[in-house]
Amino acid sequence: MICPFCFEKEPVICANIRLYDCFCYFKYFCATLSAFFAFNYIENKIRKGKKDGEILAFIEVHNLRKVYRIGNEKVYALKNIDLEIKEGEICCILGTSGSGKSTLLNMLAGLEKPTRGDIFINGTNIALLSESKLASFRQQNTGFIFQSYNLISQFNALENVGMPLMFKGMQRKKRDKLAARMLELVGLGKRMKHRPNQMSGGQQQRVGIARAFVAKPKVVFADEPTGNLDTKTTDDVMRLMVRMCRKYKITLIVVTHDIEIAQYTDRIVHIIDGEITSIENNVSVYKSEDDTEQNENQKKREDDTK
């Protein structure tokens, strides 16, 4: 007789009623009960997180290390980094030159492979991806804003912004429409046909921001995005990036040495000599128009109930 639970021949207690071995039933019962409680535990934890307004981690870094070999010496750029960043969060990695902040950004963006450790973005461990799969992952999920703008000099603003869409195989008519809409949002609607050498530094960085956001990525990485800009333009650019992230619910990771830039973000990660020394929550100095309108509506509702 074959047991329907373990698919092995089990002794029969009574040939007349054909009962199977009680121990086999017990094993099946325990396994089913364990699976039931495990499922309910996970489900309740997720439900509780949603009920409490908790946002689960979108980026998770575990035991991350990066070691460079220079001759016979080892340089530890990152030392056992652990970090979590929530979806839609604006996070700043703050540190001086040589602190490891740019190396950490490169690891998170998949531009370099870690020596050891895991980097999960939206559930995918990018540290384990091949170069081709990593390139595809970046194309589908990430955007980049560079200090030196990195615009193609032969292309005008519209063409530069449409580049990520072109790599996705989008037809020109559609990508030009989306790129034009994005340039309007960043205040460059009248400069779509201008080439980089016909625009100021602030205008070029706005094109870079539009390019980073046009494909609606899940996360945008910004490496010293205001390093080449004056104070007034820096404020305009940071406000623009925050507004775009709030509007499209995109996670933003900014790397900088400037504490003033960090004040625009939700959380500040301090890094020194390849190690995270502290993480502090921050109230951004800039509230988007949507946040301001929401606060005003909330205040109005409170006044009406008085």
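How each quantity is defined
Residues numbered from 1 in each chain as written. Predicted model: local features only at pLDDT ≥ 70, side-chain atom pairs only at ≥ 80, totals over all residues. Heavy atoms only, no water. Pairing = 2+ DSSP bridges. Helix = DSSP H or I, 4+ residues; strand = E, 2+ residues; numbered from the N terminus. Axes fitted to C-alpha atoms, helices over the stretch in contact; angles between N-to-C directions. Contact = heavy atoms within 4.5 Å. Phe/Tyr/Trp six-rings, centres within 6.5 Å; stacked < 30°, edge-to-face > 60°. Lys NZ or Arg CZ within 6 Å of the ring centre and 35° of its normal. Salt bridge = Lys/Arg side-chain N within 4 Å of Asp/Glu carboxyl O. Buried < 20%, exposed > 50% of the residue type's maximum accessible area, 1.4 Å probe, protein only.

Draft legend 1. Quick look at the sheet that holds strand β8 (residues 251-256). Taken in spatial order, the six strands of this open sheet run β6-β7-β8-β3-β9-β10, and their pairing is mixed. The open sheet has two edge strands, β6 (142-145) and β10 (275-281), and neither has a second partner. Averaged over all pairs of adjacent strands, the angle between their axes in this sheet comes to 20 degrees, without regard to strand direction. Taken together, the five bridges between strand β3 (residues 90-94) and β8 define a ladder with parallel strand orientation. Paired with C92 across the strands is V254, a residue of β8. Sitting on the sheet, helix α2 (residues 101-108) is in contact with β3, β7 (219-223), β8 and β9 (267-272), with an inclination near 155 degrees to β8. Across the face of the sheet, helix α7 (residues 201-213) comes into contact with β6 and β7 while running at roughly 175 degrees to β6.

Draft legend 2. Fine view of the packing of aromatic side chains. The tally for this structure, following the rule as stated, stands at two aromatic pairs. On the numbers, 6.1 Å between centres and 15 degrees between planes, the contact of F144 with F146 is stacked. Through successive ring pairs, a cluster of aromatic residues spans F144, F146 and F221. Sitting above the plane of the Y248 ring, K216 keeps its charged end 4.5 Å from the centroid.

Draft legend 3. Representation of the sheet that holds strand β4 (residues 116-121). Across the sheet, which stays open at both edges, the four strands sit in the order β2-β1-β4-β5 with antiparallel pairing between neighbours. Two strands lie at the open edges of the sheet, namely β2 (73-86) and β5 (124-125), each paired on one side alone. In terms of strand pairing, strand β1 (residues 57-70) meets β4 through five bridges, oriented antiparallel. Note that in β4 the partner of V61 across the bridge is I119.

Draft legend 4. Representation of the pattern of salt bridges within the structure. Taken as a whole and judged by the stated rule, the model has six salt bridges. With its nearest N and O atoms 3.6 Å apart, the salt bridge here joins E159 to R172. With E159 in helix α4 (residues 157-161) and R172 in helix α6 (residues 172-185), this residue pair connects regions lying 13 residues apart in the sequence. D236 is paired through a salt bridge with K232; the nearest N and O atoms lie 2.9 Å apart. Pair noted here: D236 and K232 are both in helix α8 (residues 231-248), with a separation of four residues, about one helical turn. Given the relative accessible area of 25%, D236 is considered partly exposed. Look at K232 and you get exposed, because its relative accessible area is 56%. Taken together, the shared-partner salt bridges connect E159, R172 and D176 into one network.

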